[in-house]
Amino acid sequence: MVKPEQTVTHLFLDLDGTLINSLPRLRTIYHDFLSDHKIEGSNQEFDELKTSSIEKLIEYFKIKYSITHPSHHLKKQYETYLQKHYFKAPLFRGVKEFLDDAKTRGYSLVLTTASQRACAEKILKFHKIDDYIENIFTPNCLDCNQKNDLFYKKVLTKLKLEPKNALVIDDSLEVISSSIKSGLQAAFFSKITYHPLPCFGSWKTLLKQWSNYVFR
């Protein structure tokens, strides 16, 4: 039985679709927001935008759909939907057990999320897992538009880490690809089995198989 690379000291954990089962709610928010402006969205577009900051979302909508309202007004409108739907999104099963185990193993846990920092803090506190998280980084915190390779490079710089010292766990193929471009190791939160990277469909599965993974 092999063990994870001993160089990994930090886990970069995604929030939406990884720690919490929030994507169905975020998809509803996306569609309801556009519907208010007589626009029909698509699930494909939502999937392409789900790793973007709220600021990037608003600017994207304004340009693509010629929405003329001020950005601050649209952001407030979007945040109203977040307040209504988002904050009680449930944790995926096994999350707390995994976080407990990761802390016991000595990993530093870092939240890397496209959500607004205040939203992330609120939902972590709601689920009583805020004490596990040592740092929170969002694209907006680092003057980025989304979770891309530049974002991860800036996170590494902030934490004074080498890429080999961190493992990204995320449900987005685009984010996984960006993290690899930054030299990071990665594990894909997905039930698919054909991806070359380590994949897992549940946190309980990852917890059971953790010692079988070798992250390169």
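Preceding this paragraph is the structure being described.
These numbers come from a predicted model, not from an experiment.

What counts and what doesn't
- Residues numbered from 1 in each chain as written.
- Predicted model: local features only at pLDDT ≥ 70, side-chain atom pairs only at ≥ 80, totals over all residues.
- Heavy atoms only, no water.
- Core = buried A, V, L, I, M, F, W, Y, C linked by side-chain atoms within 4.5 Å.
- Buried < 20%, exposed > 50% of the residue type's maximum accessible area, 1.4 Å probe, protein only.
- Helix = DSSP H or I, 4+ residues; strand = E, 2+ residues; numbered from the N terminus.
- Contact = heavy atoms within 4.5 Å.
- Arc of directions from axis to C-beta.
- Polar contact = N/O pair within 3.5 Å; in protein donor to acceptor, adjacent residues only side chain to side chain.
- 1 Å grid on protein atoms, 1.4 Å probe; cavity = no way out; pocket = protein on both sides within 12 Å on 5 of 7 lines; lining within 4 Å.
- Points joined across faces, edges and corners; volume = space filled by probe spheres on them.
- Nonpolar A, V, L, I, M, F, W, Y, C, P; charged D, E, K, R; others polar.
- Pairing = 2+ DSSP bridges.
- Phe/Tyr/Trp six-rings, centres within 6.5 Å; stacked < 30°, edge-to-face > 60°.
- Lys NZ or Arg CZ within 6 Å of the ring centre and 35° of its normal.

## Observations concerning the nonpolar core
For step 1, the next point in the chain: Core analysis: the largest hydrophobic core is formed by 51 residues, its most contacted members being L11, Y78, Y86 and W203.
For step 2, the next point in the chain: No other element matches the six residues that helix 1 (residues 23-36) contributes to this core.
For step 3, the next point in the chain: Residues within four places of L11 in sequence aside, it is in contact with F98, A102, Y107, S108, L109, V110, L167 and W210.
For step 4, the next point in the chain: In terms of nonpolar packing, the next biggest core, distinct from the first, is built from 20 residues, L156, L159, A166 and L197 among them.

## Overview of helix 7 (residues 149-159)
For step 1, the next point in the chain: Within the sequence span of helix 7, burial applies to F151, Y152, V155, L156 and L159. One side of helix 7 holds all its buried residues, which, seen down the axis, span an arc of 135°. Residues of helix 7 that are exposed and point over 90 degrees away from its buried face: T157 and K158.
For step 2, the next point in the chain: Turning to helix 7, the residues buried within the fold contact strand 1 (10-13), strand 2 (108-112), strand 3 (135-137), strand 4 (166-170) and helix 8 (173-181).
For step 3, the next point in the chain: For helix 7, the side-chain oxygen to backbone nitrogen distance between the N-cap and L150 is 3.3 Å, and the N-cap itself is N148.
For step 4, the next point in the chain: One or two residues past the end of helix 7 sits K160, with phi positive at roughly 55°.

## Some points on empty space enclosed by the protein
For step 1, the next point in the chain: Scanning all chains against the criterion turns up two cavities of 30 Å³ or more.
For step 2, the next point in the chain: Taken as a whole, the largest cavity encloses approximately 250 Å³ of empty space.
For step 3, the next point in the chain: Considering the residues around the largest cavity, the lining is formed by 17 residues, among which L26, K50, S52, L57 and Y78 are closest to the centre.
For step 4, the next point in the chain: In terms of residue class, the lining of the largest cavity is built from eleven nonpolar, four polar and two charged.
For step 5, the next point in the chain: Approximately 100 Å³ is the volume attributed to the second largest cavity.
For step 6, the next point in the chain: Class assignment for the residues of the lining of the second largest cavity results in four nonpolar, four polar and six charged.

## Description of the sheet that holds strand 6 (residues 199-200)
To summarise the sheet geometry, strands pair through backbone hydrogen bonds and adopt either a parallel or an antiparallel arrangement.
For step 1, the next point in the chain: Across the sheet, six strands lie side by side as 3-2-1-4-5-6; this open sheet has parallel pairing. The two strands at the open ends of the sheet, each matched to only one other strand, are strand 3 and strand 6.
For step 2, the next point in the chain: Taken together, the two bridges between strand 5 (residues 185-189) and strand 6 define a ladder with parallel strand orientation. Bridge pairing links F189 to F200 in strand 6.

## Thoughts on the packing of aromatic side chains
What characterises a pair of aromatic rings is the spacing of the ring centres plus the angle enclosed by the ring planes.
For step 1, the next point in the chain: Enumeration over the complete set of coordinates arrives at 15 aromatic pairs.
For step 2, the next point in the chain: Note on Y30 and F61: the rings are 6.1 Å apart at their centroids and 40° apart in plane angle, and the pair reads as tilted. Of this pair, Y30 sits in helix 1 while F61 sits in helix 3 (residues 54-65), placing them 31 residues apart in sequence. An identical accessibility class is assigned to Y30 and F61; each is buried.
For step 3, the next point in the chain: When the ring of F200 is compared with that of W203, the centres are 5.3 Å apart and the planes differ by 65°; the resulting orientation is edge-to-face. Both residues of the pair, F200 and W203, belong to the buried class.
For step 4, the next point in the chain: In this structure an aromatic cluster arises from ring pairing among Y30, F33, F46, Y60, F61, Y65 and Y78.
For step 5, the next point in the chain: Seen from the ring of F87, K122 lies directly overhead, with NZ or CZ sitting 4.2 Å from the centre.

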